[in-house]
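A structural walkthrough
Listed below are the residues making up each chain.
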Amino acid sequence: PIVFGPDLIRSRTGRAALVIARTTSTFLCSSLVTHRTGPSITMQTMRAPVAQGAATRVAGRRVFRPVAATKVSTAVTTDVSKRTVPTALEEGEMPLNTYSNKAPFKAKIRSVETITGPKATGETCHIIVETAGKIPFWEGQSYGVIPPGTKINSKGKEVPHGTRLYSIASSRYGDDFDGNTASLCVRRAVYVDPETGKEDPAKKGICSNFLCDAAPGTEITMTGPTGKVLLLPADVNAPLICVATGTGIAPFRSFWRRCFMENVPNYKFTGLFWLFMGVANSDAKLYDEELQALAKAYPSQFRLDYALSREQKNRKGGKMYIQDKVEEYSDEIFDLLDNGAHMYFCGLKGMMPGIQEMLERVAKSKGLNYEEWVEGLKHRNQWHVEVY
Ligand code: FAD
């Protein structure tokens, strides 16, 4: 899809305006197909693709070059300036299990946006939930979601579906910085039949598909917040080394927003924020534009390293997995941990064995006893793992 620049609109007659309208509608139609969003998102998408293009002179005449439209996102921002937030949410104890399965919280989904590209290995959605600030949480916590409908349990009885946990992907102030929303980053769980290699919709994941397919305004039944493993340290100068695979990036989005994009009087982050992100390919990157903007705005405080397993090679010529990327910087990471850094891991369970094996090998090469080293980090609350 292409869009034309604003100069074209100003300098041409009604005929040119028609060209714009047609071109824009092509863009919108493709947005509808590829992003599978509800109507209100489509409206937001419609507002956004304004005018990209460049006016140049060829043989003295002013001509307009269309440029490829970038994917316009409501979930990802390149404005990483510090925002004012309502600091009442800084007060009090950490909220924990405010809402339970028996007495859950009902909220409404505001928007669902696919944030992976067409060549990603699976679809991931950014979901904004309107909470009116009534289910407060701290960064690093998760919400429970009870999908609608029932199932037949092992005793043949019809019962409601069980709760699924999702890491909260916004800071306590939400994507609007007013405390009235919270965001989730959800990967659509599909079932691929190992014999036919085809998707079997009868066996698709219940809650993730409910969330990724939800139209704006859909009611969502929530529990929590829960979890205290991935909390930020009180020491605002402690380096944060965050290692994520796939949707494991969600809690770290809540961290980087608090650290860099909010003006919180009692949390002025001064340390290093280092994100290692593992996904299959470039289309599977999540929130990349926001991360690039942070890397640009905070070159000495924000570091970003990708492990793209299907696009990059590790030092031995094999696929670049997350542990290979972390290993490239292992000397620096061990030094940072020696000096009080906190290391966080979040994502699929399968990421940990490779990481542990690598760290054990590096520890050995440094003459350290791996078990004692990790135990020391755990004891000093520098080691945080939440995998699922
Ligand atoms: P389910 O319906 O529970 O199904 C699970 C899997 O089984 C699916 O892959 C499904 O395709 C398959 N399946 C279904 N029926 C069959 C069958 N008959 N035979 C074989 N296979 C079958 N997920 C995220 O996306 N983002 C997060 O931020 C996130 N955070 C989490 C945080 C924590 C602390 C934990 C514990 C989990 C987190 N998860 C997260 C995972 C999430 O809780 C769910 O497990 C996930 O979304 C799948 O739930 P579902 O209801 O879609 O799938």
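These numbers were taken from a predicted model, which means no experiment stands behind them. (Residues numbered from 1 in each chain as written. Predicted model: local features only at pLDDT ≥ 70, side-chain atom pairs only at ≥ 80, totals over all residues. Heavy atoms only, no water.)

Things to note about the packing of aromatic side chains
Applicable threshold: Working definition: rings of Phe, Tyr and Trp (its six-membered ring) pair if their centres are within 6.5 Å, and the pair is stacked with planes under 30 degrees apart, edge-to-face with planes over 60 apart, and tilted otherwise. The way it works is that DSSP assigns letters per residue, a run of H or I at least four long becomes a helix, a run of E at least two long becomes a strand, and they are numbered from the N terminus. Three exposure classes are used, based on accessible area relative to the maximum for each residue type with a 1.4 Å probe and protein chains only: buried under 20%, partly exposed in between, and exposed over 50%. Charge-over-ring placement is defined geometrically: NZ (Lys) or CZ (Arg) within 6 Å of the ring centre, and within 35 degrees of the ring normal.
A complete count under the given rule lists 18 aromatic pairs for this structure. Ring geometry for Phe 255 against Tyr 344: centres 5.0 Å apart, planes inclined by 75°, an arrangement best described as edge-to-face. With Phe 255 in helix H5 (residues 250–260) and Tyr 344 in strand E17 (residues 342–347), this residue pair connects regions lying 89 residues apart in the sequence. Judged by relative accessible area, which is 0%, Phe 255 ranks as buried. Measuring from ring centre to ring centre gives 6.2 Å for Trp 256 and Tyr 287, while their planes differ by 70°; the resulting arrangement is edge-to-face. Here the residue Trp 256 occupies a position in helix H5, and Tyr 287 occupies one in the loop between strand E15 (273–279) and helix H6 (288–297), the gap between them amounting to 31 residues. The residues Trp 256 and Tyr 287 share a single accessibility class, namely buried. Ring pairing ties together the aromatic residues Phe 260, Phe 269, Phe 273, Tyr 298 and Phe 302, which thus form one cluster. The side chain of Arg 258 reaches across the aromatic face of Tyr 267, ending 4.8 Å from its centre. A cation over a ring is seen here: Arg 303 above Trp 274, with NZ or CZ 3.8 Å from the ring centre.

Notes on the sheet that holds E17
Whether parallel or antiparallel, the strands of a sheet pair through hydrogen bonds between backbone atoms. Under the convention used in this document: Two strands qualify as a pair provided that DSSP identifies no fewer than 2 bridges between them. Axes here refer to lines fitted to C-alpha atoms; in helices the fit is confined to the stretch in contact. Angles between the N-to-C directions go from 0 to 180 degrees. Should any heavy atoms of two residues lie within 4.5 Å, those residues are considered in contact.
Strand order across the open sheet formed by five strands is E16-E15-E13-E17-E18, with parallel pairing between neighbours. In the strand order of this sheet, the two ends are held by strand E16 (302–308) and strand E18 (383–387), each with one partner. With strand direction ignored, the average angle separating the axes of adjacent strands in the sheet is 10°. As paired elements, strand E13 (residues 240–245) and E15 share six bridges and run parallel to each other. When the bridges of E15 are listed, Leu 240 appears paired with Phe 273. Each of E15 and E16 is contacted by H6, which is oriented at about 140° to E16, the strand it contacts most.

Thoughts on the pairing of strand E7 (residues 142–146)
Extensive coverage of E7 is indicated by the burial of five of its five residues. A two-sided burial pattern is seen for E7, the buried positions comprising Ser 142, Gly 144 and Ile 146 on one face and Tyr 143 and Val 145 on the other. Bridge count between E7 and strand E12 (residues 219–226): four bridges; the pairing is antiparallel. Of the residues in E12, the one forming a bridge with Ser 142 is Thr 226. As judged from the four bridges shared by E7 and strand E10 (residues 164–167), these two strands associate in the antiparallel manner. Note on E10: the bridge partner recorded for Ser 142 is Ser 167.

Describing helix H10 (residues 370–379)
Formally: Summarising the geometry, the arc corresponds to the directions from the helix axis toward the C-beta atoms. Between N or O atoms, a polar contact is any pair within 3.5 Å; within protein, one atom must be a potential hydrogen donor and the other a potential acceptor, and residues adjacent in sequence are included only when both atoms are from side chains.
Looking only at H10, the buried set comprises Tyr 370, Trp 373, Val 374, Gly 376 and Leu 377. The arc enclosing the buried residues of H10, seen along the axis, measures out at 155°, which places them on a common side. Counted as exposed and oriented over 90 degrees from the buried face of H10: Glu 372 and His 379. Residues of H10 that are buried sit in contact with helix H8 (330–338), helix H9 (351–365) and E18. Capping the start of H10 is the job of one residue whose side-chain oxygen sits 3.0 Å from the backbone nitrogen of Glu 371: Asn 369. Just downstream of H10 lies Asn 381, where phi reads positive at about 60°.

Notes on H9
Test applied: Expected span, for any helix, means 1.5 Å times one less than how many residues it has.
Taking 1.5 Å of rise per residue, the 15 residues of H9 would be expected to cover 21 Å, and the 22 Å separating its terminal C-alpha atoms lies within 8% of that figure. Buried within H9 are the following residues: Met 351, Met 352, Gly 354, Ile 355, Met 358, Leu 359, Val 362 and Ala 363. One side of H9 holds all its buried residues, which, seen down the axis, span an arc of 165°. H9 presents Pro 353 and Lys 364 as exposed residues on the side facing more than 90 degrees away from its buried surface.

Focus on the UniProt feature "binding site: NADP(+)" (unreviewed entry) in the protein chain
The condition that has to hold: UniProt positions are given in the numbering used here, feature names are shortened, and annotations may be inferred rather than shown by experiment.
UniProt annotation of "binding site: NADP(+)" (unreviewed entry) refers to Ser 167, Arg 187, Thr 247, Ser 309, Arg 310, Lys 319, Gly 347, Leu 348 and Glu 386 when read in the numbering used here. Classification of Ser 309 as buried rests on a relative accessible area of 12%. In contact with Ser 309, not counting residues within four places along its chain, are Val 279, Ala 280, Lys 319, Met 320 and Tyr 321. Within the fold, Lys 319 resides in the loop between E16 and helix H7 (322–328). Setting aside chain neighbours within four positions, we find Lys 319 in contact with Ser 309, Gln 312, Asn 314 and Asp 324.

Regarding the confidence of the model for the protein chain
The line we're drawing: The predictor rates its confidence in each residue with pLDDT, a number between 0 and 100.
This prediction gives the protein chain a mean pLDDT of 86; 81% of its residues lie at or above 70. Contacts from residues 1–60, a stretch scored under 50 in pLDDT, to residues over four places away or in other chains number 78 contacts.

Quick look at the sheet that holds E12
Strand order across the open sheet formed by six strands is E10-E7-E12-E5-E6-E11, with antiparallel pairing between neighbours. Taken across any chain shown, the strands that pair with only one partner, and hence form the sheet edges, are E10 and strand E11 (181–187). Adjacent strand axes in the sheet meet at a mean angle of 40° when their direction is disregarded. Sheet topology note: the strand E6 (residues 124–130)/E11 ladder contains seven bridges and is antiparallel. Bridged to Ile 128 within E11 is Ser 183.

Observations regarding the environment of Asn 209
Checked against the element boundaries, Asn 209 lands in helix H4 (residues 206–213). The class of Asn 209 is buried, set by a relative accessible area of 5%. Here the alpha-carbon distance between Asn 209 and Val 186, two residues 23 residues apart in the chain, equals 9.0 Å. Setting aside chain neighbours within four positions, we find Asn 209 in contact with Arg 188, Ala 189 and Lys 204. A polar atom in the side chain of Asn 209 sits 2.6 Å from the backbone oxygen of Gly 205.

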